[in-house]
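Chain and residue survey
Read off the chains here:
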There are 2 protein chains.
Amino acid sequence: MSTPVYQRMAVIGCGLIGSSVARAARTSGAVGEIVVYDADPAVRARALELGLADRAEDTPAGAVAGADLVLLATPVGVIGAVAEALAPSLEPGATLTDVGSCKAVVAEAFARMQRADVHAIPGHPVAGTEKSGPDAGFAELFQNRWVILCPSPKNASEAVERLTAFWTRLGARVECMDATHHDLVLAVTSHLPHLIAYNIVGTAADMETVTQAEVMKFSAGGFRDFTRIAASDPTMWRDVFLNNKGAVLEVLARFIEDLHMLSRAIRWDEGDKLHDLFSRTRDIRRGVIDAGQETPEPNFGRDRK
Amino acid sequence: MSTPVYQRMAVIGCGLIGSSVARAARTSGAVGEIVVYDADPAVRARALELGLADRAEDTPAGAVAGADLVLLATPVGVIGAVAEALAPSLEPGATLTDVGSCKAVVAEAFARMQRADVHAIPGHPVAGTEKSGPDAGFAELFQNRWVILCPSPKNASEAVERLTAFWTRLGARVECMDATHHDLVLAVTSHLPHLIAYNIVGTAADMETVTQAEVMKFSAGGFRDFTRIAASDPTMWRDVFLNNKGAVLEVLARFIEDLHMLSRAIRWDEGDKLHDLFSRTRDIRRGVIDAGQETPEPNFGRDRK
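Summary of the structure given here. (Residues numbered from 1 in each chain as written. Chains lettered and ligands numbered in written order. Predicted model: local features only at pLDDT ≥ 70, side-chain atom pairs only at ≥ 80, totals over all residues. Heavy atoms only, no water.)

All names here are of chain A. The 3 strands lie next to each other as β7-β8-β9, forming an open sheet whose pairing is mixed. Bordering the open sheet on either side are β7 (123-125) and β9 (173-176), each of which pairs with just one other strand. Going across the sheet, the axis of each strand differs from the next one's by a mean of 20°, ignoring polarity. (Pairing = 2+ DSSP bridges. Helix = DSSP H or I, 4+ residues; strand = E, 2+ residues; numbered from the N terminus. Axes fitted to C-alpha atoms, helices over the stretch in contact; angles between N-to-C directions.)

Written out as structure tokens, the structure reads:
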């Protein structure tokens, strides 16, 4: 086992992502000691039972005392409040980061803390599943996935490099970008897909002329993939949409505009327009597979037992 | 091996579905002999190389001669023309069926044939992957999937029972319904999901402010699942939308209406509305899994090696 990147990591919030970071940090030896806090006492107890941490603390301030890495893994809507509450308790020289899906609001919250002696670097591992809670996490979640860091010009480069080394040890690849650009990229690759998935599942459930039993039985024609995404954590996703409003509404407006074009092409029998789009989208799929972000197995391999 | 359900099956069109039916029929012993035809000579040759059939014929009429089961597995846009061309060559007493995703147009085409001595029963196996062509097929594709048959009042019940026995032998479950109702159900569970997936991949590709490389790298946040569906066969799907126009446009209008509601909820910070929908959709996911149409594994198990 090589030298730990940080001596003590405090994880605030022990859901899917927080618990996966704890597991991966333990497995990889990226940190010496792990302390956790969760607002829910039952989750704190469960985290200890699962062996995710060396200690669980009853207060966030207790958890961050003496930690040289503090990782906020709460829903993005409360990251600002948590950062504010923790500000006086952070160790001088500590690195503060998070795993939230929106980065501009986190960058603003970190700036408001006025702790020039803390390396506050917003972060976002682009990884996850539709499951929630400490039992859903696993150490391999970040393997070959991208983590986006959004350092400010004030951050010392050594601090950014150290946090990069931490995530690399967990199996991830790291890219730095501006928080506003992050929010636009993720609006396209994550937030809009989730909104669309939630919406189509809702539309299907509300049909008067098709029963829910029929929707479920005949879902293998495409619908079932959307239900997976639409099973994601409701609180987390409510917060995402409310905290990346500008980019989400912009991308959504484009999506609806394009959809009206397709609708018109169907109505007026413009088969060539449909065929052109449907051919172009195949190349993107190839690119996603080539980028190592997807398995090339047909249908995720689920029909071939 | 139990007795074959049909003595000789002719498969017209040897893509993903046609070749999977041939494989499954062979494996299960559901038919005695298999004859194939495909409009593309290279596909006919490949079908023989793959051992999918006992014979390949150079004309559709040659393929159906002497067959007591004729299965049309072409894109749905040409099923009508193929049925018309084949009408004089079908054996008296033969069963004619298809695997197209739209059933009202097929029911009309079969009715136009005026062959009262042929059991013409439109069918649709709700199964598939994003891959195309004879190499993409596999015998297990129909295991535990639903096949919808849309018999007319003129069909003899013995003929429907025999076709049901055939699909059951291939591992599928069979349900009968009216062709118009089929088209509405599938508009919800298959056609709209594909349209949405194609559209979002197009929208993402057309962003000027986000590069295609970024879209691919950060696709693990949800987008990549849509690229899978949007990699489906362009010709097949163009035909589906043009041949189920009424139901697709109706369901699409509802979807857009619901999306505008969500858009407004985001703009006006109505978090409760978002949370309510996002909680409701989780139950549908549970239903899809309980209906045996999906694996409960998180993220299709693809991150956990």
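So that's the structure; there's more coming.
Once that is clear, we can look at the sheet that holds strand β8 (residues 146-149) of chain B. Residues and elements named next belong to chain B. Taken in spatial order, the 3 strands of this open sheet run β7-β8-β9, and their pairing is mixed. The outermost strands of the open sheet, each flanked by one partner alone, are β7 (123-125) and β9 (173-176). Each neighbouring strand pair of the sheet contributes to a mean axis angle of 20°, computed without reference to strand direction. As judged from the 4 bridges shared by β8 and β9, these two strands associate in the parallel manner. Paired with Ile148 across the two strands is Glu175, which belongs to β9.

Mapped onto the fold, Ala291 of chain B is located in the segment after α12 (271-290). With a relative accessible area of 22%, Ala291 of chain B lands in the partly exposed category. Spatially, the C-alpha atom of Ala291 of chain B lies 25 Å from that of His275 of chain B, the residues being 16 residues apart in sequence. When near neighbours in sequence (up to four residues on either side) are disregarded, Ala291 of chain B contacts Met216 of chain A together with Arg173 of chain B. (Buried < 20%, exposed > 50% of the residue type's maximum accessible area, 1.4 Å probe, protein only. Contact = heavy atoms within 4.5 Å.)

The next subject is the relation of the copies chain A and chain B. When chain A is fitted to chain B, the residual RMSD is 0.0 Å, and the transformation amounts to a turn of 180° plus an axial shift of 0.0 Å. Such a combination of rotation and displacement between the chain copies is what one expects of a two-fold axis. In this assembly, 100% of the residues forming the interface of chain A have copies in chain B that are likewise at the interface, indicating an isologous arrangement. (Least-squares fit on C-alpha atoms with pLDDT ≥ 70 in both.)

Another aspect to go through is the nonpolar core. Among the nonpolar cores identified, the biggest contains 142 residues, and Phe255 of chain A together with Phe255 of chain B are the most heavily contacted of them. The contact partners of Phe255 of chain B, leaving out residues within four places of it in the chain, are Ile196, Asn199, Ile200, Thr203, Phe255 and Leu259 of chain A together with Leu192 and Ile196 of chain B. (Core = buried A, V, L, I, M, F, W, Y, C linked by side-chain atoms within 4.5 Å.)

Let us now look at the interface of chain A and chain B. At the interface, 109 residues of chain A touch 109 residues of chain B. Here chain A meets chain B over a buried area of about 10,700 Å², counting both sides, of which 66% is carbon and sulfur. Applying the counting criterion to the chain A and chain B interface returns 12 salt bridges. Notably, a salt bridge pairs Glu208 of chain A with Arg254 of chain B, separated by 2.6 Å at the nearest N-O pair. For the pair chain A and chain B, the interface holds 50 residue pairs in polar contact (both at pLDDT 80 or more). At the level of secondary structure, the elements contributing two or more residues to the side of chain A that touches chain B comprise β8 (146-149), α7 (179-205), α8 (212-217), α9 (223-229), α10 (234-243), α11 (245-267) and α12 (271-290) of chain A. Split by residue class, the side of chain A that touches chain B holds 53 nonpolar, 29 polar and 27 charged. (Buried area = accessible area lost by both parts, 1.4 Å probe. Salt bridge = Lys/Arg side-chain N within 4 Å of Asp/Glu carboxyl O. Polar contact = N/O pair within 3.5 Å; in protein donor to acceptor, adjacent residues only side chain to side chain. Nonpolar A, V, L, I, M, F, W, Y, C, P; charged D, E, K, R; others polar.)

This part is about helix α2 (residues 41-49) of chain A. Residue and element names in this part refer to chain A. If you check which residues of α2 are buried, you get Val43, Arg44 and Ala47. With its buried residues spanning 105° around the axis, α2 presents them on a single face. For α2, exposure combined with an orientation more than 90 degrees from the buried face picks out Pro41, Ala42 and Glu49. Looking at the buried positions of α2, the neighbouring elements they touch are β2 (31-37) and β3 (55-56). Here α2 starts with a cap whose side-chain oxygen sits 2.9 Å from the backbone nitrogen of Ala42, and that cap is Asp40. Gly51 sits one or two positions beyond α2 and adopts a positive phi of about 70°. (Arc of directions from axis to C-beta.)

Turning our eyes to something else, we now look at the pattern of salt bridges. For the structure on display, the rule yields 41 salt bridges over all chains. Note that Asp54 of chain A is salt-bridged to Arg26 of chain A, the shortest N-O span being 3.1 Å. Note that Asp54 of chain A is positioned in the loop between α2 and β3 and Arg26 of chain A in helix α1 (residues 16-28), a separation of 28 residues in sequence. The salt bridge involving Asp239 of chain A is made with Arg238 of chain A; its shortest N-O contact spans 3.1 Å. Judged by relative accessible area, which is 23%, Arg238 of chain A ranks as partly exposed. Taken together, the shared-partner salt bridges in this structure form one network comprising Glu130 and Arg228 of chain A together with Asp225, Arg285 and Glu294 of chain B.

By themselves these figures say nothing about function.
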